[in-house]
Amino acid sequence: MKRGLVIGKFMPVHLGHVALIEFAASRCDELIVSMSFTEADPIPATLRFSWLTILFANHKVIKPAMVKDDFDNDSLPLLQRVTLWSDFIRATFGEIDIIFSSEDYGQPFAESLGARHVSFDLLRQKVPISASEIRRHPLKHWEFIPRPVRPFFVKKICLYGPESTGKSTLAMKLAARYDTEFVPEVAREFITNNDFSFDEIVKIAVAHDERISEKSQLANKLLFCDTDVITTQIYSQHYLGAVPKILYDIEEETTYALYFLLDIDVEWVADGLRDLGHVRETMLSVFREELLRRKVPFIFVRGDYEMREQMMVKEIDKLMN
């Protein structure tokens, strides 16, 4: 029985890793894929490991394993480091026959372990990508990111501001323009007037958060969000006089790549739910202040609806490029 080993941080796992692992799996009876992690890693270890288990769930030969990287010393020369790695691998996984890698360390590591080394695409010609390139420019290298990994790198864009400023219409139009998804104003699915309770405001915030997660699974690079949980907090304070703590907890779960604050220089249109047309200036100040207080950068969008869309497209294209 031939036992193989592939090691890496998989931060993130990409199609180059997938090709290496599948190549290795075809050449041994059991392949251990050892994912090392530290507490300081920019992508959580449990999430990275879930990507590996999902991607190779149907490969009986492939055995993903997660190990804490507390055995290495990157201040040492490579030949001394691979000795540390080999001692750890023997103690953790037992005998290994073949090391598969796309890195220069592969050969000395295999020799230290007493195993054979098989190199794969060392020059990155078959799959020209690296994890660091993806972390730097995920949208640029989207085609190299496996589908289960893509939601992590989706750039969320928030259309933010008082009522009747075009957020819903623009979210739909921008999603169509960039061939992706949008999150609607979920509050309209729960209430028909502004006589709501704390329980209802919490349900709205939770449902909006869940919808962001669901739509992120389907999104193509970008996800346009009609409002955010800060908006829910503002209306909770305005109508109920307080904000449930869970709304601030939910706020911590989502980061937006862009915030567009929409001005009130368009006609206010009543629709049965809107009732703040007489305090538009005040509400705009409240929305702006909430971002300033959090030191969240934003782009102030003004003009008619066509001008707004053009301004937003210009900023989104800069983000994409």
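Residues numbered from 1 in each chain as written. Predicted model: local features only at pLDDT ≥ 70, side-chain atom pairs only at ≥ 80, totals over all residues. Heavy atoms only, no water.

Caption draft 1: How the structure looks around unusual backbone geometry. The amide bond that connects Met11 to the next residue, Pro12, takes the cis arrangement and shows omega of 5°. Structurally, Pro12 can be placed in the loop between strand 1 (3–8) and helix 1 (15–25). At Thr227, a residue that is not glycine, the phi angle is positive and equals roughly 75°. Within the secondary structure, Thr227 is located in the loop between strand 8 (222–226) and helix 9 (229–240). Judged by its relative accessible area of 7%, Thr227 is buried. (Helix = DSSP H or I, 4+ residues; strand = E, 2+ residues; numbered from the N terminus. Buried < 20%, exposed > 50% of the residue type's maximum accessible area, 1.4 Å probe, protein only.)

Caption draft 2: The arrangement of the pattern of salt bridges in detail. Per the stated rule, a full pass over the model turns up 17 salt bridges. Residue Asp41 is joined to Arg48 by a salt bridge in which the shortest nitrogen-to-oxygen separation is 2.9 Å. The pair Asp41 / Arg48 is uniform in exposure class, with both members buried. The salt bridge involving Glu189 is made with Arg211; its shortest N-O contact spans 2.9 Å. With Glu189 in the loop between strand 7 (181–183) and helix 8 (198–218) and Arg211 in helix 8, this residue pair connects regions lying 22 residues apart in the sequence. The exposure class assigned to Glu189 is partly exposed, which follows from its relative accessible area of 47%. Through salt bridges with shared partners, one network takes in Glu251, Glu290, Arg293 and Arg294. (Salt bridge = Lys/Arg side-chain N within 4 Å of Asp/Glu carboxyl O.)

Caption draft 3: Seen up close, the nonpolar core. Membership of the largest hydrophobic core comes to 72 residues, with the highest contact counts inside it found for Ile21, Leu31, Phe100, Tyr160, Phe224, Phe260 and Ile316. At 6 residues, helix 1 tops the list of elements feeding residues into this core. For Phe260, the residues in contact, after removing those within four places along its chain, are Ile157, Cys158, Leu159, Tyr160, Ile299, Val301, Met312, Glu315 and Ile316. Counting residues in each nonpolar core, the second largest holds 16 residues, with Leu5, Ile32, Phe109 and Ala110 among its members. (Core = buried A, V, L, I, M, F, W, Y, C linked by side-chain atoms within 4.5 Å. Contact = heavy atoms within 4.5 Å.)

Caption draft 4: Layout of the packing of helix 9 against helix 11 (residues 280–294). In contact at an axis separation of 11 Å, helix 9 and helix 11 are set at 125° when each is read in the N-to-C sense. One element, helix 9, and the other, helix 11, form an angle in the oblique class. Helix-helix and strand crossings are classified by hand; for helix 9 and helix 11 the assignment is right-handed. For the pair formed by helix 9 and helix 11, the contact residues are Ile230, Thr231, Gln233, Ile234, Tyr235 and His238 on the first element and Met283, Val286, Phe287, Glu290, Leu291 and Arg294 on the second. A class-by-class count of the residues in the contact of helix 9 with helix 11 yields 7 nonpolar, 3 polar and 2 charged. (Axes fitted to C-alpha atoms, helices over the stretch in contact; angles between N-to-C directions. Parallel < 35°, antiparallel > 145°, perpendicular 65-115°, else oblique. Left-handed = near helix turned anticlockwise from the far one by under 90°. Nonpolar A, V, L, I, M, F, W, Y, C, P; charged D, E, K, R; others polar.)

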